[in-house]
Amino acid sequence: MLVFKYRSGTENDLKALENNQYWSSSIEQLNDPCEAITDTKRVKRFLNFVGQKVGAKTREDFVLINDNTDEVLSMDNKMGIYSLSKTPLDELLWAHYANSHKGFCIEYDLDILLKNDGENHVHSFPVVYSKRPPSIGFLDIMRNKQNSFIKKFAFHKSKRWGYEQEHRIVTSKIGLNSYYHKALKSIYFGLKISESDKNQIINLLKPRGINFYQIELEKNSYSFKAVKLETDSSHESNYLQQLPIAITNGKIIEFEILKSKILNFAGIGEFKVLLKQDLNKSEIETLINYLKKNLFNQGKVMFFEFFTDLNQVDNLPWASAEIQKEKTDIQFNHEK
């Protein structure tokens, strides 16, 4: 499934693009003041009934039950939200979220975008639009493993927002989240984007072999269309397959990423890399720094396994490395 993110084109937007990251906002940072509103009357009635059976009698007792219920059910500061759309062609979304058509829109492959963190830390559903907030009951809390509670809390909005056709990702980490670079498929340029801004983005991302589109108006219509741009694709994309020769003194160092596991909530990354040639320690360090920047810029603890033979990936790696507290420890397990 393809999903889309409208961006203004700020320096932070470009930096996140370059580093394969997205910003997961807190509830307070979103522009809808009614975010996360739920109807908790049913669960409060149940808890008040239980409280009465175990000794709650005074008004203060029941106020405490109700206040604690609100506190437990509040997830305002416990989750991050990344809002996406199902279309890159909505004029209101371009106006509201892409600097009045002067920004751009990112196209993602949702399945690849969700690869990281696992089902217990990332939730993804289309937003449900309704006239009234969803009701939270006792069974919703008991069924939390099936996402019942989170779906009602984070994936419901007023019908007035229905034009956004929103699909959300909810993460356990607020702020920058890294993703596997192949999730990025295309960039759409707004009607009013400047040529300099457009060229900057094309030059930044062209080595990845992705598609670029220009948004245009259909003739005699209010509708938009996306026109594919022809860019110089004379060279095959070698992004995250070859180190830039600018940092290798001209030496060709090629590799293939066999495994990329990122746990944003924990700051832990695990990677398996197939080398096309043996490298010395200095070259391994250069490769590790490059991979950290492009695979998991915010990673706190990272583990790398390097192989020189695809048939040996289930055995002892040719070399291994660990990054922790900004220190890199490299271990060669076979002769260099």
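Check the entry above for the structure.
Per chain, residue numbering runs from 1 following the sequence as it is written. pLDDT decides what is reported in this predicted model: residues at 70 or higher carry local features, side-chain atom pairs at 80 or more are listed and counted, and totals for whole chains, interfaces and linings draw on all residues regardless. Values reported for side chains reflect all heavy atoms of the structure, with hydrogen atoms and water molecules removed beforehand.

Asks: Help me get a handle on the packing of aromatic side chains, residues and values and all.
Replies: Centres within 6.5 Å make a pair out of two Phe, Tyr or Trp rings, where for Trp the six-membered ring is used; the pair is then stacked when the planes are under 30 degrees apart, edge-to-face when over 60, and tilted otherwise. Evaluation of the coordinates by the stated rule reveals 12 aromatic pairs. Taken together, a centroid distance of 5.2 Å and an interplanar angle of 25 degrees make the contact between Phe-271 and Phe-304 stacked. Taken together, the residues Phe-271 in strand S14 (residues 268–275) and Phe-304 in strand S15 (residues 301–307) connect sequence positions 33 residues apart. Here Trp-318 and Phe-332 contribute two aromatic rings whose centre-to-centre distance is 5.3 Å and whose plane-to-plane angle is 85 degrees, an arrangement assigned as edge-to-face. Under the DSSP-based scheme used, a helix requires at least four consecutive residues in state H or I and a strand at least two consecutive residues in state E, with every element numbered from the N terminus.

Asks: Residues and numbers for the sheet that holds strand S16 (residues 319–324), please.
Replies: Paired strands, in this sense, are two strands between which DSSP finds at least two bridges. An order of S13-S14-S15-S16-S17 is seen for the five strands of this open sheet, with the pairing classed as mixed. At either end of the open sheet lies a strand with only one pairing partner, and these are strand S13 (255–263) and strand S17 (327–332). Across the sheet, the axes of successive neighbouring strands diverge by a mean angle of 10 degrees, strand direction being ignored. Helix axes are fitted only over the stretch in contact, all axes being lines through C-alpha atoms; the angle between N-to-C directions runs from 0 to 180 degrees.

Asks: So, helix H9 (residues 281–295): which residues are in play, and what are the values?
Replies: The periodicity of an α-helix, 3.6 residues per turn, causes residues three or four places apart in sequence to face the same way. Helix length check: H9, at 15 residues, gives a terminal C-alpha distance of 20 Å against a target of 21 Å (1.5 Å per residue), a fit within 8%. Buried means the residue's accessible area, taken with a 1.4 Å probe over protein chains only, is under 20% of the maximum for its type, while exposed means over 50%, and partly exposed covers the values in between. Looking only at H9, the buried set comprises Glu-283, Ile-284, Leu-287, Ile-288, Tyr-290, Leu-291, Lys-292, Asn-294 and Leu-295. Within 3.5 Å is the distance limit for a polar contact, defined as a pair of N or O atoms, with the added protein rule that one can donate a hydrogen and the other accept it, and that residues adjacent in sequence qualify only through two side-chain atoms. Between a side-chain oxygen at the N-terminus of H9 and the backbone nitrogen of Ser-282 the separation is 3.1 Å; the capping residue is Asn-280. For a helix, the expected span equals 1.5 Å multiplied by the residue count minus one.

Asks: Could you give me a rundown of the pattern of salt bridges, with the residues and numbers involved?
Replies: Put simply, a salt bridge is a Lys or Arg side-chain nitrogen that is within 4 Å of an Asp or Glu carboxyl oxygen. According to the stated counting rule, one finds seven salt bridges in the structure shown. The partner of Glu-270 in a salt bridge is Lys-259, and the shortest N-O contact between them spans 3.5 Å. Residue Glu-270 is found in strand S14, and its partner Lys-259 is found in strand S13; the two are separated by 11 residues along the sequence. Using a relative accessible area of 29% as the deciding quantity, one classes Glu-270 as partly exposed. When salt bridges with common partners are traced through the structure, they connect Lys-157, Glu-166 and Arg-168 into a single cluster.

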